[in-house]
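Overview (structure and organization)
Here are the chains, one letter per residue:
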Amino acid sequence: MTPLERALRERIQAEGPITVESFMQACNDFYYVTRDPLGARGDFTTAPEISQMFGEMAGACLADSWKRAGAPADAVYAELGPGRGTLAADALRVLRSAGFAGEVHFVETSPVLRDMQKQAVPTAHWHERVDDLPAQPLLLVANEFLDALPIRQHSGGIERRVMVAAGGLAFDRDGEIIESSPARDEAIASIALCLSTKGGTALIIDYGHAKSAAGDTLQALHAHRFAPVLDKPGEQDLTAHVDFEALTRAASEAGAVVTRVLAQGEWLVRLGIHARAQALSRANPDRAGEIDGALHRLTSSDEMGTLFKVMAIHSPDWPAPAGLE
Ligand code: SAH
């Protein structure tokens, strides 16, 4: 039994069943604070870890928006859950070469990952919460951040909970599941308020669906394989699909403009990832096969191209970012 499972069982025995939201929050808080989950030896691999092209495309998109908004000098680069800092380093290379000289602000709770981010971007400033970001124009990226925030699940109008039964953890009800996520809505509302009052653009990239729909999307990943959700609490990554329609609602209510939701593959192609791949291959002929493989993983619909979605939230005074107009 994992240490967290023992603690959760004691809590449930003392207080009664806990919500899926409390369970997911407890598991992921423990999980992220205690390890680097990324890469071949971890539990999952993300787009920026596949290729530098991903962060470069995000950086180029933000650099273009920033220039077309008049290149405000007080804008800052911000990232939510930057992992190893790889995306930020790749995006900032492009932003710096476009003349952006602003500060870098990261929202990250994991001390293990903060250390890695410090290696990648030594000048960054760190924050515990989205609300703590500076009230300045934002050039923000959140890649696979929202899927890690806790969700609530309801079945037949009753909130689904985790209980102790037959000596193990079990859900207290099944049936058609409706998911919601106050934690995501709050994070997005906070960003949208800053964008609508101070300016800026946020790129939200995650796996999920463009329209709200019923269904149980909570899943666990361990060593790159799906695992039962209630197994090994705190030792595997818990995620749930992001409902982009719900995010759109939260951002619009806070006064920001929301773009359409595009599949990641289409977005990267529109931004010119093929030309970037060709240039990289010409400069590194021995790596051409690897670059082509990464291009396929990022864009093709049998890999990350369709399941992952991209949406931007921006200030009413800023233009819609390239590729998402
Ligand atoms: N964006 C990175 C990492 C994705 S993993 C990439 O694409 O590679 C999720 C990231 O969000 C990790 O950095 C994790 O530590 C962070 N994170 C998860 N929950 C968080 C929370 N509640 N507050 C702040 N950061 C969180």
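As shown above, the structure is provided for reference.
Let me sum up the structure you'll find in this document. Worth saying up front: this structure is predicted, and the values here are computed from it rather than measured.

**With respect to the packing of helix α7 (residues 182-198) against helix α8 (residues 244-253)**
Orientation of α7 relative to α8, taken along the N-to-C sense of each, is 40 degrees, at an axis distance of 8 Å. It follows that α7 is oblique to α8 by the angle criterion. Here α7 and α8 pass one another in a crossing that is right-handed. Residues Arg184, Asp185, Ile188, Ala189 and Ala192 of α7 lie in contact with α8, whose contacting residues are Ala246, Leu247, Ala250 and Ala251.

**Structural notes on the side chain of Glu179**
Among the structural elements, Glu179 can be located in strand β10 (residues 177-180). Despite being buried, Glu179 has no salt bridge partner; Arg184 is the closest side chain of opposite charge, sitting 6.1 Å away. A polar side-chain atom of Glu179 sits 3.0 Å from a polar atom in the side chain of Gln153. Separated by 2.7 Å, the side chain of Glu179 and the backbone nitrogen of Thr217 make a polar contact.

**Digging into the state of the cysteines**
Counted according to the given criterion, the structure contains zero disulfides. Cys194 carries a free sulfur, and the closest cysteine sulfur to it, the one in Cys61, is 18 Å from it.

**Describing the site of the ligand**
Surveying the vicinity of the ligand reveals 16 residues, the closest of which are Thr46, Gly81, Gly83, Glu108 and Asn143. Within the side chain of Thr46, a nitrogen or oxygen atom sits 2.5 Å from an oxygen atom of the ligand. Contact between the ligand and Asn143: a nitrogen atom at 2.7 Å from a main-chain N or O atom of the residue. Considering the ligand on its own, with 570 Å² of exposed area, one finds that the protein chains cover 92% of that surface. Within the shell around the ligand, the residues separate by chemical class into eight nonpolar, six polar and two charged.

**Overview of the nonpolar core**
Nonpolar side chains in soluble globular proteins tend to be buried together. Residues Tyr77 and Trp267 are the most contacted members of the largest nonpolar core, which totals 45 residues. Considering every element that reaches this core, the biggest residue donor is helix α4 (residues 52-68), with eight residues. Once residues lying within four places of it in the same chain are set aside, the contact partners of Trp267 are Ala58, Cys61, Leu203, Ile205, Leu262, Val310, Ala322, Gly323 and Leu324. Listed in part, the 30 residues of the second largest apolar core include Leu133, Leu138, Ala192 and Phe244.

**Description of the sheet that holds strand β1 (residues 18-19)**
Strand order in the open sheet formed by three strands is β1-β8-β9, with antiparallel pairing between adjacent strands. Every other strand in the sheet has two partners, leaving β1 and β9 (168-171) as the edge strands with one partner each. Bridge count between strand β8 (residues 161-165) and β9: four bridges; the pairing is antiparallel. Within β9, the position partnered with Met163 by the bridge is Ala170. Along the sheet face, helix α1 (residues 3-15) touches β1, β8 and β9 and points at about 95 degrees away from the line of β8.

**Let's talk about the pattern of salt bridges**
Across all of its chains, the model carries 17 salt bridges by this definition. For the salt bridge of Arg84 with Asp36, the shortest nitrogen-to-oxygen distance reads 2.9 Å. With Arg84 in the loop between β2 (76-80) and α5 (86-97) and Asp36 in the loop between α2 (20-33) and α3 (47-50), the pair connects residues that are 48 residues apart, well separated along the chain. A relative accessible area of 24% means that Arg84 is categorised as partly exposed. For Arg114, the salt bridge identified is with Glu128, shortest N-O distance 3.2 Å. One end of the pair, Arg114, is in helix α6 (residues 111-120); the other, Glu128, is in the loop between β4 (125-127) and β5 (138-143), and 14 residues separate them in sequence.

Calculation notes
Residues numbered from 1 in each chain as written. Predicted model: local features only at pLDDT ≥ 70, side-chain atom pairs only at ≥ 80, totals over all residues. Heavy atoms only, no water. Axes fitted to C-alpha atoms, helices over the stretch in contact; angles between N-to-C directions. Helix = DSSP H or I, 4+ residues; strand = E, 2+ residues; numbered from the N terminus. Parallel < 35°, antiparallel > 145°, perpendicular 65-115°, else oblique. Left-handed = near helix turned anticlockwise from the far one by under 90°. Contact = heavy atoms within 4.5 Å. Buried < 20%, exposed > 50% of the residue type's maximum accessible area, 1.4 Å probe, protein only. Lys, Arg positive; Asp, Glu negative; His and termini not counted. Salt bridge = Lys/Arg side-chain N within 4 Å of Asp/Glu carboxyl O. Polar contact = N/O pair within 3.5 Å; in protein donor to acceptor, adjacent residues only side chain to side chain. Disulfide = S-S within 2.5 Å. Near = heavy atom within 4 Å. Areas by Shrake-Rupley, 256 points an atom, 1.4 Å probe, with all protein chains shown as cover. Nonpolar A, V, L, I, M, F, W, Y, C, P; charged D, E, K, R; others polar. Core = buried A, V, L, I, M, F, W, Y, C linked by side-chain atoms within 4.5 Å. Pairing = 2+ DSSP bridges.

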